[in-house]
Amino acid sequence: MKFDHDVIRELLPEYLKGALSEEVRKELEFHLNDCSACRDELSLLSELINIEAPDPGELFWNTLPQKVRKAVDEEKAARHPAVRKVSGLFGMNFSLRSLLYKQLPAAAVAAALFFIVITFTKKTETNNLDPLFKDPLSTALLEYDDLTEEDVPLITESSEVEELYLNEEGSSGYSYYKEVASLSPEEINGFFKELKREQVKGG
Amino acid sequence: MRLNMQMDEDIELVESYLGGSDEAMERLVMKYQKPVYAFIYRMTNNIEDAKDLTQKTFLNAVKGVKGFRRESSFKTWLYRIAANTCLNDVRSRRDETVLEESFAGNQRGALSALIEEEKSRHIKDGIDKLSERQRLAVILRVYDGLSCIETAKVMGCSEGAVKAHYHNGVQRLREILKERGYEV
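Basis of the calculations
- Residues numbered from 1 in each chain as written.
- Chains lettered and ligands numbered in written order.
- Predicted model: local features only at pLDDT ≥ 70, side-chain atom pairs only at ≥ 80, totals over all residues.
- Heavy atoms only, no water.
- Helix = DSSP H or I, 4+ residues; strand = E, 2+ residues; numbered from the N terminus.
- Buried < 20%, exposed > 50% of the residue type's maximum accessible area, 1.4 Å probe, protein only.
- Areas by Shrake-Rupley, 256 points an atom, 1.4 Å probe, with all protein chains shown as cover.
- pLDDT = per-residue confidence, 0-100.
- Contact = heavy atoms within 4.5 Å.
- Salt bridge = Lys/Arg side-chain N within 4 Å of Asp/Glu carboxyl O.
- Buried area = accessible area lost by both parts, 1.4 Å probe.
- Axes fitted to C-alpha atoms, helices over the stretch in contact; angles between N-to-C directions.
- Parallel < 35°, antiparallel > 145°, perpendicular 65-115°, else oblique.
- Left-handed = near helix turned anticlockwise from the far one by under 90°.
- Core = buried A, V, L, I, M, F, W, Y, C linked by side-chain atoms within 4.5 Å.
- Expected span 1.5 Å × (residues − 1).
- Polar contact = N/O pair within 3.5 Å; in protein donor to acceptor, adjacent residues only side chain to side chain.
- Phe/Tyr/Trp six-rings, centres within 6.5 Å; stacked < 30°, edge-to-face > 60°.
- Lys NZ or Arg CZ within 6 Å of the ring centre and 35° of its normal.

A word on the overall build of chain A. When its secondary structure is counted, chain A shows nine helices and two strands. Ordered by position from the N terminus, the helices and strands of chain A form the series α-α-α-α-β-β-α-α-α-α-α. Within chain A, the fraction of its 203 residues that count as buried is 19%. When the accessible surface of chain A is split by element, carbon and sulfur atoms take 58% of a total near 15,600 Å².

Given below as structure tokens:
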């Protein structure tokens, strides 16, 4: 394998690092023996490599990682002023930011659910009560648990009650309304006194 | 094999940091702080600048680590950040006043005087005189041992462009040294 100058010069940094294969290294050294221009370039690169960067000291190396960490934390805090690192609480380390990010969505969901439940409950109660206010005596809403099956028709459907108390004259030809209307004031007073004495209420 | 293990370890540390481990980030800094510092020193030729820019490089890397897409090794990605951090610093300095530039020049001269060997000093000065791209290519290839492909990834250019910058940079260095009486 034969290399020209350009290829040799591209390989010189790898040669200095010792990163070439045995075969390539031998070929390169063979070329260098005959080529002063490439030898000069190798010499220059060797001079370059020999220039050491001055050591800034152990203090710099030991503190740089912490400095970078601190600088990152400060930049984060500057971007989010409300977020501060809270340390040492019961031996734990956590940041308000992570607390916000992790807990806030859960709290928001809980609040939304609570709101929905409250709204739904209130609406349901109102819906149940509305008809009662509109029609308090509706038979569809009133409960008759304390009445027997026989009582209910008497009250709600009895034509007899309607005839006796509401109609001027029922199908039987008799009416309490008509009878009371025919009484004189003295007879009415006597009637109420009699009712009071017998402790009869209503009617 | 060893390179792959190193890359796997770097990826694991990056994943750990993204998972919330600050210790993983510190381990990455400790692992790469010396080569990154040496690279930046060779770019700036100034120890204080190199220290500041090394810290800035790691800060930029940590802030941008979510953008590390594993298309190259972590080391190559980190060198790219170091190179950009250096170039941005150099460019921002160009806008500074003549007085400040003069002070920086004196400071650099004083630091360079600490280098005992005259030839080494001339070589360092010669590196300073290379264009940004030539300097990057020479330093990354010669000092940091990056391949042409890795150097191209760091510099964000083609492999052919790296070869051209490297070749022109070395030729320019030789000319500078010849001008100063050195035969290389």
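Residues and elements named next belong to chain A. On average, chain A scores 74 in pLDDT, and the residues at 70 or more come to 57%. In the model of chain A, strand E1 (residues 85-89) stands out as the element of lowest mean pLDDT, 46, in contrast to helix H2 (residues 22-34), which has the highest, 92. Confidence drops under pLDDT 50 across residues 85-93; counting only partners more than four residues distant or on other chains, this segment forms 11 contacts.

Per the stated rule, a full pass over the model turns up 20 salt bridges over all chains. Between Lys26 of chain A and Glu22 of chain A there is a salt bridge whose closest N-O contact spans 3.8 Å. Of this pair, Lys26 of chain A and Glu22 of chain A both sit in helix H2, four residues apart, which is roughly one turn of that helix. Residue class for Glu22 of chain A comes out partly exposed when judged on its relative accessible area of 46%. Close ionic contact of Lys31 of chain B with Asp10 of chain B constitutes a salt bridge, the shortest N to O distance being 2.6 Å. Placement of the pair is Lys31 of chain B in helix H2 (residues 22-44) and Asp10 of chain B in helix H1 (residues 2-18), with a sequence separation of 21 residues. By relative accessible area, which is 25% here, Lys31 of chain B ends up partly exposed. Salt bridges here are not isolated pairs; linked through shared partners, they connect Arg9, Asp40 and Glu41 of chain A together with Arg174 of chain B.

It is worth spelling out the interface of chain B and chain A at this point. One frequently used descriptor of interface size is the decrease in accessible area upon assembly of the parts. The interface of chain B with chain A comprises 42 residues on the first partner and 32 residues on the second. In total, chain B and chain A occlude about 3,600 Å² of area from one another, counting both sides; carbon and sulfur atoms represent 64% of this. For the chain B face of the interface with chain A, the top three residues by lost area are Glu26, Gln55 and Val142 of chain B, together amounting to 14%. Here chain B and chain A share eight salt bridges between them.

To describe two helices that pack against each other, one gives the angle between their axes and the distance between the axes. Residue and element names in this part refer to chain A. In contact at an axis separation of 11 Å, helix H1 (residues 5-17) and H2 are set at 120° when each is read in the N-to-C sense. With respect to H2, the axis of H1 lies oblique. Crossing geometry of H1 relative to H2 is assigned as left-handed. Here H1 contributes His5, Ile8, Leu11, Leu12 and Tyr15 to the contact with H2, which in turn contributes Val24, Arg25, Leu28, Glu29, His31 and Leu32.

Ranked by internal contacts, the top residues of the largest apolar core, which has 76 residues, are Leu48 of chain A together with Phe39 of chain B. With 12 residues, the single largest contributor to this core is H2 of chain B. Excluding residues that lie within four positions of it along the chain, Leu48 of chain A makes contacts with Ile123, Ile127, Val138, Val142, Tyr143 and Leu173 of chain B.

Residue and element names in this part refer to chain B. Taking 1.5 Å per residue as the helical rise, helix H3 (residues 47-63) with its 17 residues ought to reach 24 Å, and the 24 Å between its terminal C-alpha atoms agrees with that figure. If you check which residues of H3 are buried, you get Ile47, Asp49, Ala50, Leu53, Thr54, Thr57, Phe58, Leu59, Ala61 and Val62. The residue sitting at the N-terminus of H3 and contributing the capping side-chain oxygen is Asn46; that oxygen lies 3.0 Å from the backbone nitrogen of Glu48.

To continue, consider the packing of aromatic side chains. By the definition in use, this model includes 10 aromatic pairs over all chains. Between Phe60 of chain A and Tyr37 of chain B, the aromatic rings sit 6.1 Å apart at their centres with planes inclined by 55°, giving tilted as the arrangement. Here Phe60 of chain A is found in helix H4 (residues 58-79), whereas its partner Tyr37 of chain B is found in helix H2 on a different chain. On the accessibility criterion, Tyr37 of chain B (3% relative accessible area) is buried. Pairing Tyr32 of chain B with Phe74 of chain B gives two aromatic rings, centres 5.7 Å apart and planes at 50°, and the pair type is tilted. Of the two residues, Tyr32 of chain B is situated in helix H2 and Phe74 of chain B in helix H4 (residues 74-94); the sequence distance between them amounts to 42 residues. Residue class for Tyr32 of chain B comes out buried when judged on its relative accessible area of 5%. By relative accessible area, Phe74 of chain B is classed as buried at 6%. Every member of this aromatic cluster is reached through a ring pair, and the members are Phe60 and Trp61 of chain A together with Tyr37 and Tyr41 of chain B. If you follow Arg141 of chain B out to its NZ or CZ, it ends over the ring of Tyr166 of chain B, 5.5 Å from the centre.

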